[in-house]
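Residues per chain, in single letters:
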Amino acid sequence: MTNTDDTITEALNADDRAFLDTLEEDRGLFRQLGDSWQGPLGGWAKLVFAFAVVLGGLLLFTIWQVAHTSDPIEHTLWAIAALAVLIVQGFIKEWMFARMNMLTILREVKRLQVQVAILAEKDS
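Treat the numbers as computed from the prediction; the structure is a model and nothing was measured. (Residues numbered from 1 in each chain as written. Predicted model: local features only at pLDDT ≥ 70, side-chain atom pairs only at ≥ 80, totals over all residues. Heavy atoms only, no water.)

Trainee: How do you make sense of the environment of Trp95 when you look at a structure like this?
Mentor: Checked against the element boundaries, Trp95 lands in helix H4 (residues 72-123). For the pair Trp95 and Val48, spaced 47 residues apart in sequence, the C-alpha to C-alpha distance is 8.8 Å. With near-sequence residues (within four places) excluded, Trp95 lies in contact with Trp44, Ala45 and Val48. (Helix = DSSP H or I, 4+ residues; strand = E, 2+ residues; numbered from the N terminus. Contact = heavy atoms within 4.5 Å.)

The following block contains the structure:
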């Protein structure tokens, strides 16, 4: 190997170790949610999050309507609407948490790849 190759190898090792250090820190819920807004599906994740916030407001409104209507038919329709909004919001949150879990698994796989690469360098 030339000096340039040795320099590149040393630089990559330092980068790999820095990358591993960033992966070792514990990530909370809000950091994972923020991480899901990055990458190729980041725009969709932001849109779905905004939609979930809007549905939360709509859910509160429908519950308010259920509590303040006296007509039995109207009361039933608002209750069905509240249930439908609750179900849709559950599906949206399931998608968001599945995305966060996928990114966590990808993060762990990447960490393992770097560790295997470091072990392979030590063996050779």
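Structure shown, so let's carry the discussion forward.
Trainee: So what exactly am I meant to see when it comes to the side chain of Gln89 here?
Mentor: The residue Gln89 is located in helix H4 in this model. Leaving out residues up to four positions away in the same chain, Gln89 has contacts with Ala52, Leu55, Gly56 and Leu59.

Trainee: What exactly am I supposed to notice about helix H3 (residues 42-68) here?
Mentor: Residues spaced three or four apart along an α-helix point in a common direction, a consequence of the helix completing one turn every 3.6 residues. Along its 27 residues, H3 runs 39 Å from first to last C-alpha, staying within 8% of the 39 Å computed at 1.5 Å per residue. Looking only at H3, the buried set comprises Gly42, Ala45, Val48, Ala52, Leu55, Gly56, Leu59, Thr62, Gln65 and Val66. (Expected span 1.5 Å × (residues − 1). Buried < 20%, exposed > 50% of the residue type's maximum accessible area, 1.4 Å probe, protein only.)

Trainee: Please clarify how the packing of aromatic side chains should be interpreted in this entry.
Mentor: Aromatic ring pairs: the centre-centre distance and the angle between the two ring planes describe each pair. The full count for this structure, using the stated rule, is two aromatic pairs. Measuring from ring centre to ring centre gives 5.5 Å for Phe61 and Trp78, while their planes differ by 85°; the resulting arrangement is edge-to-face. Here Trp78 lies in helix H4 and Phe61 lies in helix H3, a separation of 17 residues in the sequence. Residue classification places Trp78 among the partly exposed positions, given a relative accessible area of 23%. (Phe/Tyr/Trp six-rings, centres within 6.5 Å; stacked < 30°, edge-to-face > 60°.)

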